[in-house]
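# Report on the structure
Below, each chain spelled out in residue letters.
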Amino acid sequence: QSIAQEVMGLLCMIVLTLTALVANTVVMVVILKTALLRKFIFVCHLCVVDLLSAIFLMPLGIISSYSCFNRVIYSIAECQALIFLNVCFISASILTISIISVERYYYIVHPMRYEVKMTIRLAVSGVIFIWVKSVLITVLALVGWPQGNGATSASRCTVYWSPGAHKKVFVIIFSIVCFVLPTIIIFAVYCSVYRVARMASLQQASGPAQAAAPRHRSNSIASQMTIITTRNLPLPRLMPERFLGSNKAILTLVLIVGQFLCCWLPFFAFHLHSSVTAGTVGGGHGEMVVTWIAYSSFAINPFFYGLLNRQIREELARLRRSCLNRPLGQELCLSVSEASVQENFLQFLQRATSTLETHASCISPSPRNRLDQTKMAFPIPGQVPEE
């Protein structure tokens, strides 16, 4: 039974590592290859961090977790290097996710300010801030290590190998800076985004009915039929859109925040409990499980922050077709009603183009279409009016 469990665990580790390698590479290549997608700077940076983690951390994690590699011995310098990479990449990944959340908030609530202030210099400054903060946190983990030629097995190469009171301080600071504060930021930001998206969805649903209502009534049969039509017809169509759009928004919010909590809450809770209660803990089965739950974030992030984006998916399909030398067919375009139901909140969260821009690129610019686009144009509630 133990052999079967180890084989299944090893297969899961290998699958997660390969998924992280392929998914992050694909999203990064698509963003760098397409000029219009290079605005996703922080998403590309997240893919780079997760790809580095899949190259260095996850294979070393397999060696540390699988009993077949118990004879692998690390020197002090090698163990310090492994811990340095572990803490640094984890901090950089979580801080990048936090910055992506704040960037989306400004993109939705302060669109004009975002367009003016979101420059290459600011993006590069954000990336530098992420790495400087990650390195400073990592240095705290390496304080107080013994200066000898000792060695330890790969399974015991953790921050608890070098005991000391400063390890408890480091774990507490590491948990607050890299988990508690990012969780508060992500939850607060996406709740604000959800509020704006829900108000926009409700106003978009009620917009056509209000626009179609006549201002002046008359006693003619045609005007009375118009009043009856505009009152009765939109109701069966708009109510399901409101209901489904709201459920989509809630589901997306739960998935994004829930994925972050499911991956990182067990990891930080375990280390906080181990440092506060036990003080010195060696490698064990519990630490291996929570570590690989956290490592699964490196394989999930490219799907939630990259491939979930409609623009990146379309560009990936276009590149795949061009690589296979297939003729590009007519691009799929969402109707106004479908976009409002299926991608109302996703377009906000993933910085996709608006429904009007997509609709304008898919239909001919006839006078009727121009009139429909004018009717559908509405300000997003919650946005700060800016000059």
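Relevant structure appears above.
Here's a quick rundown of the structure. Predicted, not measured: the structure shown is a model, and the values here were computed from it.

Right, let's get into the overall build of the chain. Helix and strand counts for the chain come out as 14 helices and 2 strands. Burial analysis of the chain (387 residues in total) assigns 42% to the buried set. For the chain, the proportion of contacts with a sequence separation of at least 24, taken over those separated by at least 6, is 82%. Only carbon and sulfur atoms are counted for the fraction: they give 68% of the accessible area of the chain, which is about 20500 Å².

Within the structure shown, the criterion is met by 13 aromatic pairs. Taking 6.3 Å as the distance between ring centres and 85° as the angle between the ring planes, the aromatic pair formed by Phe 89 and Trp 131 counts as edge-to-face. In this pair, Phe 89 is assigned in helix H3 (residues 76–109) and Trp 131 in helix H5 (residues 120–141), connecting sequence segments 42 residues apart. With 5.3 Å between their ring centres and 90° between their planes, Tyr 107 and Tyr 114 make a pair best called edge-to-face. Pairwise contacts between aromatic rings join Phe 170, Phe 174, Phe 179, Phe 260, Trp 264, Phe 267, Phe 268, Trp 292, Tyr 295 and Phe 298 into one cluster.

Moving on, we get to the nonpolar core. Ranked by internal contacts, the top residues of the largest apolar core, which has 66 residues, are Ile 83, Phe 170, Phe 174, Trp 264, Phe 268, Phe 298 and Tyr 305. Of all elements in the fold, only helix H1 (2–33), helix H2 (41–65), H3, H5, helix H6 (165–212), helix H8 (234–278), helix H9 (285–307) and helix H10 (310–323) reach the threshold of two or more residues within this core. Counting residues per element, this core draws most heavily on H2, at 10 residues. Leave out the neighbours within four places in its chain, and Phe 170 touches Val 87, Ile 137, Leu 140, Ala 141 and Val 159. Val 109, Val 189, Val 193 and Val 196 belong to the second-largest nonpolar core, a separate cluster that totals 5 residues.

Right, let's get into the environment of Gly 284. Structurally, Gly 284 can be placed in the loop between H8 and H9. For Gly 284, a relative accessible area of 37% corresponds to the partly exposed category.

Among the surface-exposed residues, Val 135, Val 139, Leu 140, Val 143, Val 169 and Ile 173 lie close enough to one another that they form a single nonpolar patch of about 420 Å² accessible area. Secondary structure elements with two or more residues in the nonpolar patch: H5 and H6. With 3 residues, H5 is the largest single contributor of residues to the nonpolar patch. In this structure Val 143 comes out as partly exposed when scored by relative accessible area, which is 40%.

Next up on the list: the side chain of Thr 34. Counting through the fold element by element, Thr 34 comes out in the loop between H1 and H2. For Thr 34, a relative accessible area of 10% puts it in the buried group. Separated by 3.2 Å, the side chains of Thr 34 and Glu 315 make a polar contact.

Our next topic: the environment of Ser 65. In this structure, Ser 65 sits in helix H2. Each C-alpha atom of the pair Ser 65 and Ser 155 lies 6.3 Å from the other, and the pair is 90 residues apart in sequence. A distance of 2.7 Å separates a polar atom in the side chain of Ser 65 from the backbone oxygen of Gly 61.

Here we take up the state of the cysteines. Counting across every chain of the model gives 1 disulfide. Across a sulfur-sulfur distance of 2.0 Å, Cys 79 and Cys 157 are joined as a disulfide pair. Torsion about the S-S bond of the Cys 79 and Cys 157 cystine: about 120°, corresponding to right-handed handedness. One end of the pair, Cys 79, is in helix H3; the other, Cys 157, is in the loop between strand E2 (151–153) and H6, and 78 residues separate them in sequence. On the accessibility criterion, Cys 79 (0% relative accessible area) is buried. Cys 157 gets classed as buried once you look at its relative accessible area, which sits at 8%.

Rules used throughout
- Residues numbered from 1 in each chain as written.
- Predicted model: local features only at pLDDT ≥ 70, side-chain atom pairs only at ≥ 80, totals over all residues.
- Heavy atoms only, no water.
- Helix = DSSP H or I, 4+ residues; strand = E, 2+ residues; numbered from the N terminus.
- Buried < 20%, exposed > 50% of the residue type's maximum accessible area, 1.4 Å probe, protein only.
- Contact = heavy atoms within 4.5 Å.
- Areas by Shrake-Rupley, 256 points an atom, 1.4 Å probe, with all protein chains shown as cover.
- Phe/Tyr/Trp six-rings, centres within 6.5 Å; stacked < 30°, edge-to-face > 60°.
- Core = buried A, V, L, I, M, F, W, Y, C linked by side-chain atoms within 4.5 Å.
- Patch = residues over 30% accessible without salt bridge, like charges linked within 9 Å, V, L, I, M, F, W, Y side chains within 5 Å.
- Salt bridge = Lys/Arg side-chain N within 4 Å of Asp/Glu carboxyl O.
- Polar contact = N/O pair within 3.5 Å; in protein donor to acceptor, adjacent residues only side chain to side chain.
- Disulfide = S-S within 2.5 Å.

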